[in-house]
Amino acid sequence: MDVDLIFKIAGLGILISIIDKVLIQSGRDEQAQMTTLVGVVVVLLVVIQLISRLFESVRTMFQLY
Amino acid sequence: MFIKIIGSMVVIFSASMIGFLIAGAYRDRPKELRELQSALLMLETEIGYASTPLSEALDRISKRTDPKISKFLKNVKEHLQKKQGYTAEEAWEKSLMDFYGESSLNLEDKAILSNLGKYIGTSGTSDQIKHIKLAIAQLKNQEKKAESEKYKNEKVWRYMGVLAGILFVLLTI
Amino acid sequence: MEIFQVVGLGLIAAVLVVILKEEKPEIALQVTVVVGVIIFLFMLGKINSVLTVLKNLARKANIDLLFLTTLLKIVGIAYIAEFGAQVCRDAGSNAIASKIEFAGKVLIMILAVPIVFSILELVLQIMP
């Protein structure tokens, strides 16, 4: 049970929202948008790996081919 | 685990320091430009009203300005007084090189100062004063720009260093 | 006891999701997904032992193993479809969620066809 993955993703989310706020406050809205996008993509990469692991184990367990 | 924690702390610390350094450059530039303006103003009065020789004027001014600029002016004076055949322009240019490395000025500010160096101690009094006035006006303009850049960038860099460090640790841990 | 671990994990994750929902709902959603997946992977080992028991029973009762595997496949499809539909519903796209459920139902029906056929044949044999 890798709980640290949850903390990692939540930490990334909080960090990205802080970066977003700082960038917007100094008037760089486009860069803030880009950070959000990059953050979501990075998190998605992690999550997709986990989901593929889930699919793999369900496939072997219930003999779905 | 222990090594991991120490490593993360080192990464976060160094990233924050880089951020603070860059933010520091943005913070110091307007201040330095302001100091330079006041130093040039003093130089103008020295040349215009007291007609003191250049090296003596520089010596007097360097006692009243902030340390970095004072060092710069003292350097010019020393180059002049060593009697190695430097003209005022060469002395000015040589010390400006050192000063530029230490200060947070950018290339434009340096160009203004080295432009001024061409006329200092060479032409007539009124001509020198005209050029000093021009340099002060240009520096004022640069200061205004630096001020807006400071407002835009200083906070961002201060935050960004720390946050980038934490982000790196989170991604690689 | 594992249940304490799961409940604790769920509570912590819920707090994190509430924090994130204000600023970045897209990442809050991903935290939800990760929690679901982790809990399921955690439970998978337990499910495995249940499955072995079921297989043993089927062998003792002389039931055709084909039926059991079909049943397992149906359970797997139901679980995956449910998971996807829940996530989509959480993200607020109900339309996609109902489409996923529809696809799951169709696939389950297709899998069930052989069983239905064998029942029909049985009925026909019994009826004179």
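Residues numbered from 1 in each chain as written. Chains lettered and ligands numbered in written order. Predicted model: local features only at pLDDT ≥ 70, side-chain atom pairs only at ≥ 80, totals over all residues.

Asker: Any chance you could break down the overall build of chain C for me, citing the residues and the numbers?
Answerer: Within chain C, the secondary structure is distributed over four helices and zero strands. Reading chain C from its N terminus to its C terminus gives the helix and strand order α-α-α-α. Its C-alpha radius of gyration of 20 Å places chain C more than 25% over the 14 Å reference for a compact globule of 128 residues. Counting the 128 residues in chain C, one finds 17% classified as buried. For chain C, restricting intrachain contacts to residue pairs at least 6 apart in sequence, the fraction spanning at least 24 positions comes to 46%. (Helix = DSSP H or I, 4+ residues; strand = E, 2+ residues; numbered from the N terminus. Rg over C-alpha atoms; globule rule 2.2 N^0.38 Å. Buried ≥ 20, exposed ≤ 12 C-beta atoms within 10 Å, placed from the backbone. Contact = placed C-beta atoms within 7 Å.)

Asker: So what's going on with the overall build of chain B? Which residues, and what values?
Answerer: A count of helical and extended segments in chain B gives six helices and zero strands. Secondary structure elements of chain B occur, N-terminal to C-terminal, as α-α-α-α-α-α. Here chain B has a C-alpha radius of gyration of 21 Å; the compact-globule value for 173 residues is 16 Å, and the former is much larger. Expressed as lengths along the three principal axes of its C-alpha atoms, the size of chain B is roughly 70 × 35 × 25 Å. With 173 residues in all, chain B has 32% of them scored as buried.

Asker: Kindly report on the interface of chain B and chain A, identifying the contributing residues and their values.
Answerer: Residue-level contacts link eight residues of chain B with ten residues of chain A. When its residues are assigned to classes, the side of chain B that touches chain A shows six nonpolar, no polar and two charged. (Nonpolar A, V, L, I, M, F, W, Y, C, P; charged D, E, K, R; others polar.)

Asker: Explain the domain arrangement of chain C to me, using residue names and the numbers behind them.
Answerer: Residue and element names in this part refer to chain C. Its domain assignment divides chain C into domain 1 (1–45) and domain 2 (64–128). Using only C-alpha atoms to locate each centre, domain 1 and domain 2 end up separated by 27 Å. Contact with domain 1, which involves four residues of that partner, is made by four residues of domain 2. Residues belonging to the side of domain 1 that touches domain 2 are distributed by class as follows: two nonpolar, two polar and no charged. (Domains from an automatic or database assignment.)

Asker: Quick one: what's the story with the nonpolar core, residue by residue and with numbers?
Answerer: Counting 36 residues, the largest nonpolar core has Ile6(A), Ile9(A), Leu16(C), Leu20(C), Ile27(C), Val31(C) and Val34(C) as the members making the most contacts within it. Of all the elements in the fold, those that place two or more residues in this core are helix H1 (4–25) and helix H2 (29–61) of chain A, helix H1 (2–50) and helix H6 (125–172) of chain B together with helix H1 (2–23), helix H2 (25–60) and helix H3 (65–90) of chain C. The biggest single contributor to this core is H2(C), with nine residues. For this core, the two domains that each supply at least three residues are domain 1 (1–45) and domain 2 (64–128) of chain C. In this view, Val31(C) contacts Ile6(A), Ile9(A), Ala10(A), Ala13(C), Leu16(C), Val17(C) and Leu20(C); residues no more than four positions away in its chain are not counted. (Core = buried A, V, L, I, M, F, W, Y, C linked by C-beta atoms within 7 Å.)

Asker: Can you lay out the confidence of the model for chain C for me, pointing to particular residues and giving the numbers?
Answerer: In this model, chain C carries an average pLDDT of 89, and 100% of its residues clear a pLDDT of 70 or more. Confidence metrics for the complex model read pTM 0.74 and ipTM 0.84. (pLDDT = per-residue confidence, 0-100.)

Asker: Tell me about the interface of chain C and chain A, and name the residues and values.
Answerer: It is common to report an interface's size as the accessible area lost on association of the parts. Each side of the interface is counted separately: chain C has 32 residues, and chain A has 27 residues. Tallying contributions element by element places H2(C) first for the side of chain C that touches chain A, with 16 residues. In terms of residue class, the side of chain C that touches chain A is built from 23 nonpolar, five polar and four charged.

Asker: Account for unusual backbone geometry, with residues named and values stated.
Answerer: Residue Asn62(C) is not a glycine yet carries a positive backbone phi of 60 degrees. Among the secondary structure elements, Asn62(C) is positioned in the loop between H2 and H3.

Asker: I'd like a rundown of the arrangement of the chains, residues and numbers included.
Answerer: There are two pairs of chains in contact here, and the one with the most contacts is chains A and C. Between chain B and chain C there is no contact; the minimum C-alpha to C-alpha separation amounts to 15 Å.

Asker: Tell me about the environment of Ile12(B), residues and numbers included.
Answerer: Residues and elements named next belong to chain B. Looking at the secondary structure, you find Ile 12 in helix H1. For Ile 12, a count of 19 C-beta atoms within 10 Å translates into the label partly exposed. Along the chain, Ile 12 and Ala 50 lie 38 residues apart, while their C-alpha atoms are 55 Å from each other. Here Ile 12 is in contact with Val 162, Gly 165, Ile 166 and Val 169, once residues within four sequence places are set aside.

Asker: Provide a residue-level description of helix H2 (residues 54–62) of chain B, including the pertinent values.
Answerer: Residues and elements named next belong to chain B. The complete set of buried residues in H2 reads Leu 54, Ala 57, Leu 58, Ile 61 and Ser 62. One side of H2 holds all its buried residues, which, seen down the axis, span an arc of 130 degrees. Where H2 is buried, its residues touch H1, helix H3 (67–81) and helix H4 (88–102). (Arc of directions from axis to C-beta.)

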